[in-house]
Amino acid sequence: MSRNLSIVGIDPSLTGTGVAELLLDSEDRWQVFRWHCPTKGTRRDTLDMRAARIGRITADVMSWAPGADLVVVEGPAYASTVGSLLDRYGLWWRIVYRLLAHDVPVAVCPPTVLKKFITGNGGAKKADVMDAVNAMWYPDVPITNDNEADALGLASIGAAALGLPVPFRVTSDRSATLGNVEWPEDMEGLRDVVA
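Note that the coordinates shown come from a computational prediction; the quantities given were computed from them, not determined experimentally. (Residues numbered from 1 in each chain as written. Predicted model: local features only at pLDDT ≥ 70, side-chain atom pairs only at ≥ 80, totals over all residues. Heavy atoms only, no water.)

A. Representation of the sheet that holds strand β4 (residues 70-74) within the structure. The strand order across the open sheet formed by five strands is β3-β2-β1-β4-β5, and the pairing between neighbours is mixed. Either end of the sheet is taken by a strand with one partner, and the two such strands are β3 (30-38) and β5 (106-109). Neighbour to neighbour, the strand axes of the sheet diverge by 15° on average, direction disregarded. Relative to β4, strand β1 (residues 5-11) runs parallel, the two being bridged by four bridges. Paired with Ile-7 across the two strands is Leu-70, which belongs to β4. Sitting on the sheet, helix α1 (residues 47-62) touches β1, β2 (16-24) and β3, and the angle it makes with β3 is about 170°. (Pairing = 2+ DSSP bridges. Helix = DSSP H or I, 4+ residues; strand = E, 2+ residues; numbered from the N terminus. Axes fitted to C-alpha atoms, helices over the stretch in contact; angles between N-to-C directions. Contact = heavy atoms within 4.5 Å.)

Put into structure tokens, the structure is as follows:
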């Protein structure tokens, strides 16, 4: 490969969106960047305030993602009852819409698939996911919060699905979970580009 390849994982959240970028150089070495966007709101926030918050988070995410070769975004947690369901879905769709409008290939990974790929357990707790992601990328990438852990886990799923060299074993169980991700239409074309 003669250029850097960028895979971005996004864990959309109204309180702490996580973003991680895996950048593979021409020598097959990974550079890992991670970030999270903590924001606060209350149930008393006006419609304008809620829209502005969603806009700020989306703008921050888009400062990372437009040049990505692949973005893996965590799908909505349909069973979640915490916070504003409407606002969470609005944030998710706004991020995905903006990525697609920039012609960025987007994959959608259900939360249980992320947990199963990372820990082997689709019902794993946040702390278990964070520990497992730390172990996968240890010692190069210390993760300090669950938003970054989820984002790096999502980017790791993208790298594994493309057959790229990753610092962890892609077991048959991990490979099996990849079939439950909604991949972009031209995933085969992406594999050809990176091969």
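Having seen the structure, we can now continue with the description.
B. Layout of the pairing of β2. Across the nine residues of β2, nine count as buried, placing the element largely inside the fold. By the alternation rule, side chains of β2 split into Gly-16, Gly-18, Ala-20, Leu-22 and Leu-24 and Thr-17, Val-19, Glu-21 and Leu-23, which are all buried. Pairing between β1 and β2: seven bridges, direction antiparallel. Its bridge partner lying in β2, Ile-10 is registered against Val-19. A loop of four residues connects β1 with β2, the two strands running antiparallel in sequence. Sheet analysis places β2 next to β3, joined by nine bridges and oriented antiparallel. Looking across to β3, one finds that Gly-16 is bridged to Pro-38. (Buried < 20%, exposed > 50% of the residue type's maximum accessible area, 1.4 Å probe, protein only.)

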